[in-house]
Amino acid sequence: MTRPGLFPGSLPLLLAGLVALGACAKRVPDADATPPGANPLALDAQLRDVLDCRSNDCTDWYRVEVTSKGRLVIDLSAEPPEGEDVRLSLSLTDAQGATLAGDQTAGRTAIAVATEAVPASYLIAIASNHPTARFDYALTARLVRSPPPRAVAPAPKR
């Protein structure tokens, strides 16, 4: 027995349509698009991710914890879509947002930035200014520790 105004089997279609309409009307915010949403990045571990502005994903932020002094080096390599130049920017900031280093790929597939680091949190931003290209990238943070000071030989006696 059917109710007036409803066709048999129409309820699942109606529900699916409402879900699809809701997904189109409301874009899911990109959680790591701002510094408070930065994902952790372990030193010396390569991380792979994607930027795709078509999907509301134009910027990714990462947080790296440094526990000793050294030179913090951030390496970025990207794979451009066929026939596209890589158009990504890489910036390194301190936890308060002051820029310490930055670079842009400008057609290159690999770049690096570096700063002298002390024990602290550092933020890394990867951004695309290309509205239609998807960029797969790999990111690595490494700390190059200074070699221990060499022992100074005593001056010869005269």
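Since the model is a prediction, treat every value here as computed from it, not as a measurement.

1. So, the pairing of strand β4 (residues 70–79)
Alignment of β4 against strand β7 (residues 110–117), held across eight bridges, turns out to be antiparallel. Pairing of L76 across the sheet is with I111, part of β7. Pairing analysis gives nine bridges linking β4 to strand β9 (residues 134–144), with the strands arranged antiparallel. By the bridge assignment, I74 is partnered in β9 with A141.

2. Thoughts on the nonpolar core
Counting 26 residues, the largest nonpolar core has L72, I74, L90, I124, I126 and L139 as the members making the most contacts within it. Broken down by secondary-structure element, the contributors of at least two residues to this core are β3 (59–66), β4, β5 (88–94), β7, β8 (120–128) and β9. Element by element, the count of residues in this core is highest for β9, at five residues. Residues contacting L72, with those up to four places away along its chain left out, are L43, V64, V66, L92, V113, A114, T115, A117, Y122, A141, R142 and L143.

3. Things to note about the pairing of β3
Relative to β3, strand β1 (residues 39–40) runs parallel, the two sharing two bridges. In the strand pairing of β3, N39 is matched with Y62. Across eight bridges, β3 lies against β8 in antiparallel orientation. The residue bridging W61 from the neighbouring strand is A125, located in β8.

4. Details of the confidence of the model for the protein chain
For the protein chain, the mean per-residue pLDDT works out to 82, and 82% of the residues sit at or above 70. Segment residues 1–26: pLDDT under 50, and one contact once partners within four positions in sequence are set aside and those in other chains are kept.

5. Points about the state of the cysteines
Counting across every chain of the model gives one disulfide. Two residues share a disulfide in this structure: C53 and C58, whose sulfurs sit 2.1 Å from each other. For C53, a relative accessible area of 13% puts it in the buried group. Overall, C58 belongs to the partly exposed group, its relative accessible area being 28%.

6. Here we look at the sheet that holds β9
If you trace the four strands from one edge of the open sheet to the other, you get β2-β9-β4-β7, paired in antiparallel fashion. In the strand order of this sheet, the two ends are held by β2 (47–52) and β7, each with one partner. Pairs of neighbouring strands in the sheet enclose a mean axial angle of 25°, with direction left out of account. In this structure, β2 lies alongside β9, joined through six bridges in antiparallel fashion. Bridge assignment links L47 to a residue of β9, and that residue is L139.

7. What about the sheet that holds β5?
Read from one edge of the open sheet, five strands run β1-β3-β8-β5-β6, paired in mixed fashion. Unpaired on one side and paired on the other, β1 and β6 (99–104) mark the two borders of the sheet. Alignment of β5 against β8, held across seven bridges, turns out to be antiparallel. For T93, the partnering residue across the bridge sits in β8 and is L123.

Conventions and cut-offs
- Residues numbered from 1 in each chain as written.
- Predicted model: local features only at pLDDT ≥ 70, side-chain atom pairs only at ≥ 80, totals over all residues.
- Heavy atoms only, no water.
- Pairing = 2+ DSSP bridges.
- Helix = DSSP H or I, 4+ residues; strand = E, 2+ residues; numbered from the N terminus.
- Core = buried A, V, L, I, M, F, W, Y, C linked by side-chain atoms within 4.5 Å.
- Buried < 20%, exposed > 50% of the residue type's maximum accessible area, 1.4 Å probe, protein only.
- Contact = heavy atoms within 4.5 Å.
- pLDDT = per-residue confidence, 0-100.
- Disulfide = S-S within 2.5 Å.
- Axes fitted to C-alpha atoms, helices over the stretch in contact; angles between N-to-C directions.

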